[in-house]
Amino acid sequence: MVPFELKWQAPEYEYRQKSISWYWTSIIISILILGAAIWQKNFLFGLFIVIAEILVLSWANRTPPLVDFTLNEKGFSIGTQKSYAYTELESFSIDTFNETIWPSLFLQFKKRLKPPLKAKIPKERLPEIEKTLKTVLKQTEHQHSMLDTLEEFVGF
């Protein structure tokens, strides 16, 4: 195998600007669910709803930190914390459906119970990264999950 190393920085997740109506909708939905929890006398669930809504409101406007990614002959690395050897990976796919500046790279593990690893890549580096990955992994077409669709719909 020819030695190679590709490095890039990308946001941890794609940030979506939220309007005031998004926040009000979130608060109204949580109040309705909280009312149902109180009506059912399920106070523990009600407490959970309050804590969850506080977290959603605080995380909603947080900008994502930049993460370092490395692709080399050994495998795929995320910063200095995580490394994945190609022997752990089965295939990869790239989601360019939304045509954003940060397409998503999905790495599918050989272990079926392990969810795919999702990483953002700069659009201008997409051909280079895709060509390099094709030499070590097979490429599959990305299938949107229900969670992907829900995330897009909610705008989180």
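Everything numeric in this text was worked out from a predicted model, so none of it was measured.

### A few points about the environment of proline 11
Among the secondary structure elements, proline 11 is positioned in strand β1 (residues 5-11). Those residues in contact with proline 11 that lie beyond four places of it in its chain are Pro64, Pro65, Leu66, Trp102 and Lys120.

### With respect to unusual backbone geometry
Even without being a glycine, lysine 41 presents a positive backbone phi close to 60°. With respect to the helices and strands, lysine 41 occurs in the loop between α1 (20-39) and α2 (43-60). On the basis of relative accessible area, lysine 41 is assigned to the exposed category, the value being 66%.

### Concerning the packing of aromatic side chains
What the rule picks out here adds up to six aromatic pairs. When the ring of phenylalanine 69 is compared with that of phenylalanine 76, the centres are 5.8 Å apart and the planes differ by 20°; the resulting orientation is stacked. Both residues of the pair, phenylalanine 69 and phenylalanine 76, count as buried. Considering the side-chain rings of tyrosine 84 and phenylalanine 109, the 5.3 Å spacing of their centres and the 65° angle between planes classify their relative orientation as edge-to-face. Pair noted here: tyrosine 84 is in strand β4 (residues 82-85) and phenylalanine 109 is in strand β6 (residues 104-109), with a separation of 25 residues, a long-range link. Note on phenylalanine 109: relative accessible area 3%, which makes it buried. We note lysine 114 situated over the ring of phenylalanine 109; from NZ or CZ to the ring centre the distance is 4.4 Å.

Conventions used here
- Residues numbered from 1 in each chain as written.
- Predicted model: local features only at pLDDT ≥ 70, side-chain atom pairs only at ≥ 80, totals over all residues.
- Heavy atoms only, no water.
- Helix = DSSP H or I, 4+ residues; strand = E, 2+ residues; numbered from the N terminus.
- Contact = heavy atoms within 4.5 Å.
- Buried < 20%, exposed > 50% of the residue type's maximum accessible area, 1.4 Å probe, protein only.
- Phe/Tyr/Trp six-rings, centres within 6.5 Å; stacked < 30°, edge-to-face > 60°.
- Lys NZ or Arg CZ within 6 Å of the ring centre and 35° of its normal.

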